[in-house]
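# Chains, contacts and geometry: an overview
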Amino acid sequence: MSDVPDPGHVAILGGTTEARQLAAVLAACPGLRVTSLLAGRVSTSGGYAGTVRVGGFGGPAGLARWLREHDVDALVDATHPFADVITGNAARASAEASVPLVVVRRHGWAAGPEDRWHVVDCLEDAAAALPGVGARIFLTTGRQGMAAFAALDVPWFLVRAINTPAPPLPRHAKVLLARGPYTVEGETALLHAYRIDAVVTKDSGGRATAAKLVAARNLGLPVVVIRRPPVPDGLTVVPDASAVMEWLSRRPGLLSLMSGAGDTCP
Ligand code: NAP
């Protein structure tokens, strides 16, 4: 029998920059193996360090089964702040499989005194607010959120998404496929070029897509901001990858495996 302990197994529910960065850091820890779990909705250019599994689990029971079958020691939910179904599933699966869970939620954006924000609760409320806000809209709510705007006849939309948006799309729209990060200069030029008079965004937070807010502020444009869904009560929520590392380093089973791994591991 070998004295070498089995590597600890950390699974990361991903689909975000944080998830990719976390996978890279954890994969560099000699005592750990890392599996990134992806829905498979968006192409993953750049790749993930460690093992990657693509596809859903058929609900929380399926995720719990997968966690048990793959001897997962810790589950990190590093999904997008608006991916609330998988976060709910992760909470239930973690309890069912007795696998500790930490949720990474980057901070949301905050309006400054010069911002003209209309904060709403959901995509449908954003669509309802638009007729009074603008006529040429920069819509950046992601490829799956189009249906809420499809029935509107008046505004014209510049829709930007990473992958082709799922139908139905707004009636009058141009689709721009692009992936951040974006710059203030680039966003300002885009708003000018398409004579945009209002922006619609989710409160995704983070730096990669924040430039549009600065550009809108500089141009005095209104922004309809969709509030985040709440994280289920009772979960451990941290703001960034370094706090996840800190949390992982305090898990009794992982501590010894992660220690002594150099600068990249706590
Ligand atoms: P969602 O509504 O919360 O989840 C819907 C279903 O998709 C889940 O029930 C699950 O299927 C599957 N799923 C979601 N994330 C998964 C993951 N990381 N690994 C395996 N299965 C996953 O999710 P969503 O809003 O469609 O987002 C899908 C993915 O895109 C997430 O990974 C998220 O981080 C990323 N993303 C979302 C947004 C956004 O605005 N929502 C923006 C950028 C990136 P089963 O129930 O079958 O397991």
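Structure: above.
Here the structure is a predicted model, which means the values were calculated and not measured. (Residues numbered from 1 in each chain as written. Predicted model: local features only at pLDDT ≥ 70, side-chain atom pairs only at ≥ 80, totals over all residues. Heavy atoms only, no water.)

### Comments concerning the overall build of the protein
Note the threshold: Helix numbering and strand numbering both begin at the N terminus, where a helix is a DSSP run of H or I of at least 4 residues and a strand a DSSP run of E of at least 2. Between the two quantities, the radius of gyration covers C-alpha atoms and the globule rule is 2.2 Å times the number of residues to the power 0.38. Summary of the burial criterion: residues with accessible area below 20% of their type's maximum are buried, those above 50% are exposed, and those between are partly exposed, where the area comes from a 1.4 Å probe applied to protein chains only. Two residues form a contact once any of their heavy atoms are found within 4.5 Å. Note on areas: Shrake-Rupley, 1.4 Å probe, and residue coverage restricted to the protein chains presented here.
Tallying secondary structure elements over the protein gives nine helices and 12 strands in all. Taking 18 Å as the expected radius of gyration for a compact globule of 266 residues, we find that the protein reaches 20 Å, a close match to that expectation. Once the C-alpha set of the protein is aligned to its principal axes, its extents read approximately 70 × 35 × 30 Å. For the protein, buried positions account for 46% of its 266 residues. Counting contacts in the protein only where the partners sit at least 6 residues apart, residues at least 24 apart contribute 66% of the total. Of the accessible surface of the protein, which amounts to about 12,800 Å², a share of 53% is contributed by carbon and sulfur atoms.

### Regarding empty space enclosed by the protein
Note the cut-off: Using only the protein atoms, space was sampled on a 1 Å grid; points where a 1.4 Å probe fits but cannot get out form cavities, open sets with protein on both sides within 12 Å along at least five of seven lines form pockets, and lining residues are those with an atom within 4 Å of a point. Grid points are joined across faces, edges and corners, and a volume is the space filled by probe spheres set on the points. Throughout this entry, Asp, Glu, Lys and Arg are counted as charged residues, while Ala, Val, Leu, Ile, Met, Phe, Trp, Tyr, Cys and Pro are counted as nonpolar. The remaining residues, Gly among them, count as polar.
Applying the stated rule across the entire model yields one cavity of 30 Å³ or more. Within this model, the largest cavity holds a volume of roughly 50 Å³. Surrounding the largest cavity, Thr16, Glu18, Ala78, Thr79, His80, Pro81, Val104, Arg105 and Arg106 form its lining. Grouping the amino acids of the lining of the largest cavity by side-chain chemistry returns three nonpolar, three polar and three charged.

### Quick look at the sheet that holds strand 8 (residues 156-161)
Within a sheet, neighbouring strands are paired by backbone hydrogen bonds and run either parallel or antiparallel to one another. This is how the line gets drawn: A strand pair is defined by DSSP finding two or more bridges across the two strands. Where helices are involved, their axes are fitted lines through C-alpha atoms of the stretch in contact, as for all axes, and angles between N-to-C directions lie from 0 to 180°.
Strands sit in the order 6-11-10-7-8-9 across an open sheet of six strands; the sheet is parallel. On the outer flanks of this sheet lie strand 6 (116-120) and strand 9 (173-177), each paired with one strand and no other. Strand-to-strand, the axes of this sheet are offset by a mean angle of 20°, without reference to chain direction. With three bridges connecting them, strand 7 (residues 136-139) and strand 10 (residues 198-202) associate as parallel partners. Paired with leucine 139 across the bridge in strand 10 is valine 200. Its contacts with the sheet put helix 7 (residues 211-219) on strand 6, strand 7, strand 8, strand 10 and strand 11 (222-226), and the angle it makes with strand 10 is roughly 150°.

### Brief notes about the sheet that holds strand 5 (residues 101-104)
Taken together, the six strands give an open sheet; going across it, the order is 3-2-1-4-5-12, and neighbouring strands pair in parallel fashion. The open sheet terminates on both sides in strands that have one partner only, identified here as strand 3 (51-54) and strand 12 (236-238). With direction set aside, neighbouring strand axes in the sheet form an average angle of 25°. Where strand 5 lies against strand 12, three bridges are found, and the strand directions are parallel. Bridging from a neighbouring strand, valine 102 pairs with threonine 236 of strand 12. Sitting on the sheet, helix 3 (residues 84-97) is in contact with strand 1 (8-13), strand 4 (74-77) and strand 5, with an inclination near 165° to strand 5.

### Quick word on the site of the ligand
Worth spelling out the cut-off: We call a residue near a molecule or strand as soon as one heavy atom of that residue lies within 4 Å of the molecule or strand. In the analysis that follows, any N or O atom pair within 3.5 Å is treated as a polar contact, provided that within protein one partner can donate a hydrogen and the other can accept it, and provided that, for residues neighboring in sequence, both atoms belong to side chains.
In the vicinity of the ligand there are 22 residues, among which Gly14, Arg41, Phe57, Gly58 and Lys202 approach most closely. With respect to the ligand, the backbone of alanine 39 contributes an N or O atom lying 3.4 Å from a nitrogen atom. Between the ligand and asparagine 89 there is a distance of 3.3 Å, counted from an oxygen atom to a side-chain nitrogen or oxygen. Elements with a contribution of two residues or more to the shell around the ligand: strand 2 (32-38) and helix 3. Sorting elements by how many residues they give to the shell around the ligand places helix 3 first, with four residues.

### Some words on the environment of alanine 208
Within the element layout of this structure, alanine 208 appears in the loop between strand 10 and helix 7. Sequence separation of alanine 208 and glycine 180 is 28 residues, and the distance between their C-alpha atoms is 5.7 Å. Non-local contacts of alanine 208, meaning those with residues more than four positions away in its chain, are made with Gly180, Pro181 and Tyr182.

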